[in-house]
Amino acid sequence: MNAPAPIPDHVPAELVVPFDFRNDEAIRQDPYGYIAGLKDCPDIFFSPDLGGYWVVRPSAAIGEVFSDHERFTATSLAIPKRDSSVVLIPNNFDPPKHTKYRKAMANSLFSPRALATIDADTRDFTLKLFEAFAPGRCEFVSEFAYKLPIDTFLNLMGADLSLRDQCLSWIKLIFRGRTVEETNQGFIEAYTWVSQWLEEQLADPSRNSGSMFQALAQMTIDGEKPAFDDLRAMTLMLFSGGLDTITSQMTHIMRFLAESPAHRQYLLDKPEEIPVALEELLRRFGISFIGRAAAKDQTFHGVFMKQGDVVCAGTPIAGLDPDEWEDPLAVDFQRGGGKRVKHLGFGAGPHLCIGAYLARKQLTIMMEELLLRMPNLRIAADTEAIENAAGATMMLRSLPLEWDVAG
Ligand code: HEM
């Protein structure tokens, strides 16, 4: 862990509140209870942890940090700030540069045509992983939540599934790293791995026919194919944006369902309501702490920030804001009156998650297929404690589950 940073002169003492979402003991033991407790802190406070950064609490103000690139630049996204030599495209670009990369990626990689087989493939992977569980028992994080997103993604990219463990090793360093050094090391390994993988694919264009990789290699931006460095930055973005996030989300949703028979039964009785229920679960169990840097000296909701200050837009904080959500810790599938609740789980504005469709698909299929096959689902009887893992996103370290097996 890094030592707390000195408090800058422009930060008033009454706004200083320690908050280390990567490592705090309290966040590990009761992640969402701890986040909900932030309601007693100032609306915007400064934490000396993780290199020193502003934490924004009201959901509406978090939406502004996500959306307003003239005040908050995405050129620096990590908390703590990391080695800026590794660029993620399109996430690290601000509009207008961001817009053309984002459009090209959305049109070629995430079009309905590009994702035509995603439903059938995801179901197939889900069932294979279920069949590999011991009868009536699994450790959900390592045996399912880590595996489904990467198998789905490698398959979409047209890559060999045997690469799963290599990818997971650097993804874990990037996201579970406890210090800036560990995270940087993860990015260096990722950079090397992705460079090599891309070179191999580009050397033999007949590989990966019809895959997301081919769409990436063939896309044009301003009429030109992307240079190798841009291709690498987009590939790295997809790997790093689309894997740990879904894993993290799955762990909290599955824990909740294992501990809440009434909610589980509702979804079993009304599977057609799963997409609406999912949005409430995404609101309740936000997982991302996204950074921005103040683009200029400015006063934001009464708080003076200097250019370059790191500002955190936390989706778990937005989802539990008591001024936005009545009884925010309660999961209420009727909260939206039959409609999907509008939350910030996938961010907002120009950088709104490009992979949200893919994520929703996997989370929906997980609930549809697994709940059916796990009667009387519960936390395994011999489980000592369920803890949040240290790291960049909210993820459970392990989740031992049990269910009844017929006969
Ligand atoms: C439950 C799963 C997911 C969650 C909670 C999530 C969350 C987010 C959030 C909060 C942002 C906004 C970042 C910002 O404003 O800087 C974002 C952006 C992004 N996400 Fe996701 N994400 C998920 C899944 C995925 C998947 C599956 C992919 C792709 C395979 C993906 C790719 C991206 C990309 C490329 C961006 C940057 C978009 C841009 O800058 O225009 N995400 N995601």
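Residues numbered from 1 in each chain as written. Predicted model: local features only at pLDDT ≥ 70, side-chain atom pairs only at ≥ 80, totals over all residues. Heavy atoms only, no water.

(A) Quick peek at the overall build of the chain. When you go through the chain residue by residue, the secondary structure sums to 16 helices and 10 strands. Whereas a compact globule of 407 residues would reach a radius of gyration of roughly 22 Å, the chain reaches 21 Å, a difference of no more than 12%. Based on the C-alpha atoms only, the size of the chain along its principal axes is roughly 70 × 50 × 40 Å. Residues classed as buried in the chain amount to 57% of the 407 residues present. Contacts in the chain between residues far apart in sequence, at least 24 positions, make up 72% of those at least 6 positions apart. Accessible surface for the chain amounts to roughly 17100 Å². Of this, 52% is attributable to carbon and sulfur atoms. Treating the 40 positive side-chain charges of the chain as one cloud and the 55 negative ones as another, the clouds have centres 4 Å apart. (Helix = DSSP H or I, 4+ residues; strand = E, 2+ residues; numbered from the N terminus. Rg over C-alpha atoms; globule rule 2.2 N^0.38 Å. Buried < 20%, exposed > 50% of the residue type's maximum accessible area, 1.4 Å probe, protein only. Contact = heavy atoms within 4.5 Å. Areas by Shrake-Rupley, 256 points an atom, 1.4 Å probe, with all protein chains shown as cover. Lys, Arg positive; Asp, Glu negative; His and termini not counted. Charge placed at Lys NZ, Arg CZ, Asp CG, Glu CD.)

(B) Representation of the site of the ligand within the structure. Taken together, 27 residues form the shell around the ligand, and within it His98, Arg102, Arg292, His351 and Cys353 come nearest. In this structure, Gly241 approaches the ligand through a main-chain N or O atom, which is 3.3 Å from a nitrogen atom. Taken together, the elements giving at least two residues each to the shell around the ligand come down to helix H4 (97-109), helix H11 (228-242), helix H12 (244-259), strand S5 (289-294) and helix H16 (356-373). Looking at the shell around the ligand residue by residue, the classes come out as 14 nonpolar, 11 polar and 2 charged. (Near = heavy atom within 4 Å. Polar contact = N/O pair within 3.5 Å; in protein donor to acceptor, adjacent residues only side chain to side chain. Nonpolar A, V, L, I, M, F, W, Y, C, P; charged D, E, K, R; others polar.)

(C) Main features of the pattern of salt bridges. According to the stated counting rule, one finds 23 salt bridges in the structure shown. A salt bridge links Arg137 to Glu402, with the nearest nitrogen and oxygen atoms 3.1 Å apart. You can see Arg137 sitting in strand S4 (residues 137-139) and its partner Glu402 sitting in strand S10 (residues 400-402), a full 265 residues away along the chain. Via salt bridges that share partners, Asp119, Arg123, Lys361, Glu368, Glu369 and Arg373 belong to a single interconnected network. (Salt bridge = Lys/Arg side-chain N within 4 Å of Asp/Glu carboxyl O.)

(D) Seen up close, the coordination of the iron atom of the ligand. Protein coordination of the iron atom of the ligand is limited to a single donor, Cys353 (SG), positioned at 2.3 Å. Mapped onto the secondary structure, Cys353 falls in the loop between helix H15 (315-319) and H16. (Donors = N, O, S within 2.8 Å, 3.2 Å for Na, K, Ca; no water.)

(E) Quick peek at the side chain of Asn388. Examined against the element boundaries, Asn388 turns out to sit in the loop between strand S9 (378-379) and S10. Classification of Asn388 by relative accessible area gives buried; the value is 2%. One polar contact links Asn388 to His252, side chain to side chain, over a distance of 3.4 Å. Here the side chain of Asn388 touches Met395 through a polar contact of 3.4 Å, landing on its backbone nitrogen. Those residues in contact with Asn388 that sit more than four places away from it in its chain are Ile27, Arg28, Pro31, His252, Met394, Met395, Leu396 and Arg397.

(F) Focus on the sheet that holds S10. Strands sit in the order S4-S10-S9 across an open sheet of 3 strands; the sheet is antiparallel. Sheet topology places S4 and S9 at the edges, where each strand pairs with a single neighbour. Bridge analysis of S9 against S10 gives 2 bridges, and the strand direction is antiparallel. Along S10, the bridge assignment pairs Ile379 with Leu401. (Pairing = 2+ DSSP bridges.)

(G) A look at helix H8 (residues 164-176). Given a rise of 1.5 Å per residue, 13 residues ought to cover 18 Å, and the 17 Å separating the end C-alpha atoms of H8 matches this to within 8%. Residues Arg164, Cys167, Leu168, Trp170, Ile171, Ile174, Phe175 and Arg176 constitute the buried set of H8. Check the buried side of H8 and you find it contacts helix H5 (118-132), helix H7 (147-157), helix H9 (180-203), H11 and H12. (Expected span 1.5 Å × (residues − 1).)

(H) Molecular detail of unusual backbone geometry. Of note, the bond from Ile89 into Pro90 is cis; its omega dihedral lies within 30 degrees of zero at 10 degrees. Looking along the chain, the bond that leaves Pro95 and enters Pro96 is cis, with omega of 5 degrees. Relative to the helices and strands, Pro96 resides in the loop between strand S3 (72-73) and H4. Of note, Asp222 is a non-glycine position whose phi angle comes to about 55 degrees, a positive value. By the secondary structure assignment, Asp222 is in the loop between helix H10 (212-218) and H11. Of note in this structure, Asn376 is not a glycine but carries a positive phi near 55 degrees. Relative to the helices and strands, Asn376 is located in the loop between H16 and S9.

(I) The packing of H8 against H9, seen in detail. For the pair H8 and H9, the least separation of the axes is 7 Å and the interaxial angle reads 150 degrees. The angle between H8 and H9 falls in the class roughly antiparallel. For the pair H8 and H9, the crossing hand works out as left-handed. In this structure, H8 contributes Gln166, Cys167, Trp170, Leu173, Ile174 and Arg176 to the contact, and H9 contributes Glu182, Thr183, Gln185, Gly186, Phe187, Glu189, Ala190, Trp193 and Val194. When grouped by side-chain class, the residues that make up the contact of H8 with H9 number 8 nonpolar, 4 polar and 3 charged. (Axes fitted to C-alpha atoms, helices over the stretch in contact; angles between N-to-C directions. Parallel < 35°, antiparallel > 145°, perpendicular 65-115°, else oblique. Left-handed = near helix turned anticlockwise from the far one by under 90°.)

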